[in-house]
Amino acid sequence: MPLLTANGITRRYGGVVALDNVSIEVNAGEVLGLLGANGSGKSTLSSILAGDNRPDAGTLSLDSRPLAPGEPRAARVAGIAIAHQHPGLAPDLPVWENVFLGAEMCGRARFLNCTAARQRAAQLLSSLRAGWDLDMPAGRLSVADQQLVEIAKALALEPRVLIFDEPTAALAAAEVDSLMRVIRALAARGTAIVFISHRMAEIQALCDRVMVLCNGRHAGELRVQGKLDEARVLAWMGGSAGADRHGENAAGRQHSQAGSRMNAASAASAASTASTASVAHDSGRIALSARGLRAGARLRGVDFELRQGEILGVAGLQGHGQEELLDALAGYRKLDGGVVTLDGAPIAVRSPRQMIDAGVCLVPNDRHRQGLWLDHSVEFNLAQVATNFQRQPWRLRAASIRHFVDFAVKRLQIKTSDARQPVRALSGGNQQKVVIGRWLDRQIKVLLLSDPTKGVDVIARKEIYEAIGALTEAGAAAIVYASDTDELLAVCDRLIVMYEGRVVAQLEGPDMNEARVTSALFGRSAA
């Protein structure tokens, strides 16, 4: 008998059907992978299962007993918990209090048992990563650590059904391994797991069965048994187009970039009206260089060069300075020392606005906190750079803004019903395209991207990298940090690997392979 069952779930948002008569069953001790492209309904379904969202039609049951929909407390009491993709933490409270926020541990006479809660929080967090400062305010944690605290919150409830919505999108490889060990242990004890991820390797390694959604409908289901039929899954996710993209993705993983570069070149030609198209392309020219960059404890003397027209990848284990490097180059982090040159001339990095004026633009890794005004429209978000950096904003015409917004939506294939639609209503992949699209109005020399495809499906990932490739074909250069090494190997021209705040390897050509990257990740020689 299934532990958790949902029948005929339908959910509409205005004229948009997010879920259309979807049914799902999860068995005790099973890890069910829930797959689908961005906007397919995965997060909506998971929020309904957890009681955070009320369906327009359909029923829920646990142990064959009806479960009231749209009641989070009832779902929690019944034993259903969810670790959200975007953590819901109290930023001013310490880490250990956030773990038990809303589910406080009480002793006799219903007084809070802070000692027991702190000890239990330490155990849960240590199972995911060592070395926590339990008294640090949650708002000061990195994005990855906030995600781990969100997961620990769900584990603290000791649920019978545990839903993970993109839990690994912000995590490094070692943290993913720890989480997978925890999930396997939970399943072995009889917990039913729903696992949402865009990383096929994780699905294959962890899941017993997968269910695929496409445009809010049940598209297919199969057992994994240690080997995932990725071609079939991708075909279900996107029809015949998904099957074609599987072929391109597989080629990318073998580091054959010819096809993607051809696509990028044709896209660049179509985007000839963009300001970057006027930049001369010279692959031998140094667009940006850094010598001895130091900042705080995370950057301890970084040296590298970036050539015009190339995509330079930055690899490294979580916390070894990759994000700090991009922040420093963009002017968001004060440098303690070192020299940066742009187009051969030294530049004193002082502020984000100065670097944007110079043509160095950053796409941050947390689009919700750093990249978007979620309650404002797609048009508003895309036009922010154009309006804020206009020297005479009173002379900026509404028609020119609309022209740019239409161009960016078409250029990046942003899927929206209307440019006036709130950006919050878009899928994660399309939100990320909006963050990138606002820079298309600038004369970009160097585009910095911090984990640009985090939480993005394989189809949107391809479209995002095509857009980045188009910019580099037009003469810009790009630096990409991604937590997925396979992704970097597939899309980058060269790769630098960081360890303890320094560049320990620079790889290109045949040296760009998983073995050399893995060796350098742990500070060993890549030779």
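Up top you'll find the structure we're talking about.
Think of each chain on its own: its residues are numbered from 1, step by step along the sequence as written. Owing to the predicted nature of the model, reporting of local features is limited to residues with pLDDT of at least 70; listing and counting of side-chain atom pairs is limited to 80 or more, with chain, interface and lining totals taken over all residues. Computation of side-chain values covers all heavy atoms of the structure but excludes hydrogens and water.

A. Focus on the packing of aromatic side chains. Any two rings among Phe, Tyr and Trp, with Trp reduced to its six-membered ring, count as a pair given centres within 6.5 Å; such a pair is stacked if its planes are under 30 degrees apart, edge-to-face if over 60, and tilted if neither. This model, assessed by the stated rule, comprises 2 aromatic pairs. Each ring, one from Trp373 and one from Phe380, has its centre 5.7 Å from the other, and the planes form 85°; the classification is edge-to-face. With relative accessibility at 40%, the residue Trp373 sits in the partly exposed group. For Phe380, a relative accessible area of 30% puts it in the partly exposed group. Directly above the ring of Tyr13 sits Arg11, whose terminal nitrogen or CZ lies 4.4 Å from the centroid. With a 1.4 Å probe rolled over the protein chains alone, any residue whose accessible area is under 20% of its type maximum counts as buried; one over 50% counts as exposed, and the rest are partly exposed. As a reminder, the over-ring test applies to NZ of lysine and CZ of arginine, requiring each to be within 6 Å of the ring centre and within 35 degrees of the ring normal.

B. Quick peek at the sheet that holds strand β14 (residues 337-342). Strand order in the open sheet made by the 4 strands is β12-β11-β14-β15, with antiparallel pairing throughout. Of all the strands in the sheet, just β12 (299-307) and β15 (345-346) have a single pairing partner and so form its edges. Bridge count for strand β11 (residues 286-295) against β12 is 7 bridges, and the pairing is antiparallel. When the sheet's bridge partners are listed, Ile286 is paired in β12 with Arg307. Whether two residues are in contact is decided by their heavy atoms, any of which lying within 4.5 Å being enough. Only the contacting stretch of a helix is used when fitting its axis, a line to C-alpha atoms as for every element, and angles between N-to-C directions run 0 to 180 degrees. Working definition: helices are DSSP H or I runs of at least four residues, strands are E runs of at least two. Numbering for both runs from the N terminus. Sheet strands in contact with helix α10 (residues 322-329) are β11, β12 and β14, and its direction is about 65° off that of β12. DSSP-based pairing: two strands are paired if at least 2 bridges between them are found.

C. Quick peek at the environment of Val517. By secondary structure assignment, the location of Val517 is in helix α18 (residues 514-521). Using a relative accessible area of 0% as the deciding quantity, one classes Val517 as buried. The spatial distance from the C-alpha of Val517 to the C-alpha of Ala505 is 8.1 Å, given a sequence separation of 12 residues.

D. Examining the packing of helix α15 (residues 428-437) against helix α16 (residues 458-473) more closely. Axis separation between α15 and α16 bottoms out at 10 Å; the angle between their running directions is 10°. Taken together, α15 and α16 sit at an angle that is classed as roughly parallel. Residue-level contacts link Gly429, Gln432, Lys433 and Ile436 of α15 to Ala460, Glu463 and Ile464 of α16. Each residue is assigned to one class: nonpolar for Ala, Val, Leu, Ile, Met, Phe, Trp, Tyr, Cys and Pro, charged for Asp, Glu, Lys and Arg, and polar for all the others, Gly among them. In terms of residue class, the contact of α15 with α16 is built from 3 nonpolar, 2 polar and 2 charged. Each angle receives one of four descriptions, namely roughly parallel if under 35 degrees, roughly antiparallel if over 145, roughly perpendicular if within 65 to 115, and oblique otherwise.

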